[in-house]
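Structural description and commentary
Below are the chains, spelled out letter by letter.
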Amino acid sequence: KKSEYLVLTMSADAKGNAPKPAESIEIEGKEFKVSAVRQKNSTYVTIVDVFGKGAFKPKLPFCSATITDNGHIFISGTIGITPGTKKLVTGGIGPETKAIMVLIDAAMRACGASMSHLTNVNIFLKDNDADRFAAMNTAYVSYFGENPLPARITVGCGGLALGANVEIQATGYCLA
């Protein structure tokens, strides 16, 4: 049976008006390869080994994204790890949120876009209360500086992957 997947090497060639994925990206001084796989009307983008070499089985949706041919970008839920490891950053909600924003920025760049192309984020906050929300919100808002914020929802939850306090999923839109 012939595979429906076409593995693209180097800079993947997204179709339509979608941005083209990068070959590699830098995150906090470390270089990471970008993998792009084309299927039907989308290009699936993964930052290779962002959780450390062989940290997870292939095809787990950590720090991965999809670019549709019409320019929509969907970034999977992302937690605040130190790039190149599967260890959460230390310090709690604020540092985790900042680390997540660094990874979302990297995922947007891997997709050939930027943070200015974010349109919506969904934030999952473990044991949400006013103090925990304030810690997350301060770190989140500070990442954008004077730039406009995308639409957002924050939802409380009981537990997240690897014991994280925060997980953020993002959506963007960008035409090449």
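We now turn to the structure provided with this report. Only a predicted model underlies this, so the values are computations on that prediction, with no experimental measurement involved.

1. What about the overall build of the protein chain?
Tallying secondary structure elements over the protein chain gives two helices and nine strands in all. Mapped in sequence order, the helices and strands of the protein chain form the string β-β-β-β-β-β-α-β-α-β-β. Burial status across the protein chain gives 43% buried among its 176 residues.

2. Points about the packing of aromatic side chains
Across all of its chains, the model carries two aromatic pairs by this definition. Their ring planes at 85° and their centres at 6.3 Å tell us that Tyr143 and Phe144 sit as a pair that is edge-to-face.

3. What about the environment of Ser35?
Assignment of secondary structure puts Ser35 in strand 3 (residues 30-39). For the pair Ser35 and Ser24, spaced eleven residues apart in sequence, the C-alpha separation works out to 8.4 Å.

4. Some points on the pairing of strand 4 (residues 42-47)
Remember that side chains alternate between the two faces of the sheet whenever the strand is regular. Here six bridges tie strand 3 to strand 4, and the two strands are oriented antiparallel to one another. Residue pairing in the sheet places Gln39 in a bridge with Ser42 of strand 4. The loop that links strand 3 with its antiparallel partner strand 4 comprises two residues; one of these, Lys40, has a positive phi angle of about 50°. Bridge count between strand 4 and strand 5 (residues 64-68): five bridges; the pairing is antiparallel. Note on strand 5: the bridge partner recorded for Val45 is Ala65.

5. Quick notes on the state of the cysteines
For the structure on display, the rule yields zero disulfides. Sulfur of Cys111: no disulfide; nearest cysteine sulfur belongs to Cys174 and is 9.4 Å away. The exposure class of Cys111 is buried, given its relative accessible area of 0%.

6. Points about the environment of Ile73
For Ile73, the location among the structural elements is in strand 6 (residues 72-79). Residues Ile73 and Ala113, spaced 40 residues apart in sequence, show a C-alpha to C-alpha distance of 8.9 Å. Apart from residues lying up to four places away in sequence, Ile73 is in contact with Pro19, Thr66, Ile67, Met108, Cys111, Ala113, Ala170, Thr171, Gly172 and Cys174.

7. Remarks on the nonpolar core
Counting residues in hydrophobic clusters, the biggest one holds 41 residues, and the most contacted among them are Ile27, Ile47 and Ile104. Looking at which element gives the most residues to this core, the answer is helix 1 (residues 93-110), with ten residues. What Ile27 contacts, discounting residues up to four positions off in sequence, is Phe32, Ile47, Val50, Pro83, Val102, Leu103, Ala106 and Arg109.

8. Concerning unusual backbone geometry
Within the chain, Asp127 stands out as a residue other than glycine whose phi angle is a positive 50°. Counting through the fold element by element, Asp127 comes out in the loop between strand 7 (118-126) and helix 2 (130-144). The backbone of Leu162 shows a phi angle near 55°, a positive value even though the residue is not glycine. Locating Leu162 in the fold gives a position in the loop between strand 8 (151-157) and strand 9 (166-173).

9. Describing helix 2
Helix length check: helix 2 (15 residues) gives 21 Å between terminal C-alpha atoms against 21 Å at 1.5 Å per residue, within 8%. Of the positions making up helix 2, those classed as buried are Arg132, Met136, Ala139, Tyr140 and Phe144. With its buried residues spanning 145° around the axis, helix 2 presents them on a single face. In helix 2, the exposed residues that point more than 90 degrees away from the buried face are Ala130, Asp131, Thr138 and Ser142. Looking at the buried side of helix 2, the elements it contacts are helix 1, strand 7, strand 8 and strand 9. Taking the backbone nitrogen of Asp131 as reference, a side-chain oxygen 3.1 Å away marks Asp129 as the first, capping residue of helix 2. Within two residues after helix 2, Gly145 carries a phi angle of roughly 60°, on the positive side.

Here is what the cut-offs are and how they apply
- Residues numbered from 1 in each chain as written.
- Predicted model: local features only at pLDDT ≥ 70, side-chain atom pairs only at ≥ 80, totals over all residues.
- Heavy atoms only, no water.
- Helix = DSSP H or I, 4+ residues; strand = E, 2+ residues; numbered from the N terminus.
- Buried < 20%, exposed > 50% of the residue type's maximum accessible area, 1.4 Å probe, protein only.
- Phe/Tyr/Trp six-rings, centres within 6.5 Å; stacked < 30°, edge-to-face > 60°.
- Pairing = 2+ DSSP bridges.
- Disulfide = S-S within 2.5 Å.
- Contact = heavy atoms within 4.5 Å.
- Core = buried A, V, L, I, M, F, W, Y, C linked by side-chain atoms within 4.5 Å.
- Expected span 1.5 Å × (residues − 1).
- Arc of directions from axis to C-beta.
- Polar contact = N/O pair within 3.5 Å; in protein donor to acceptor, adjacent residues only side chain to side chain.

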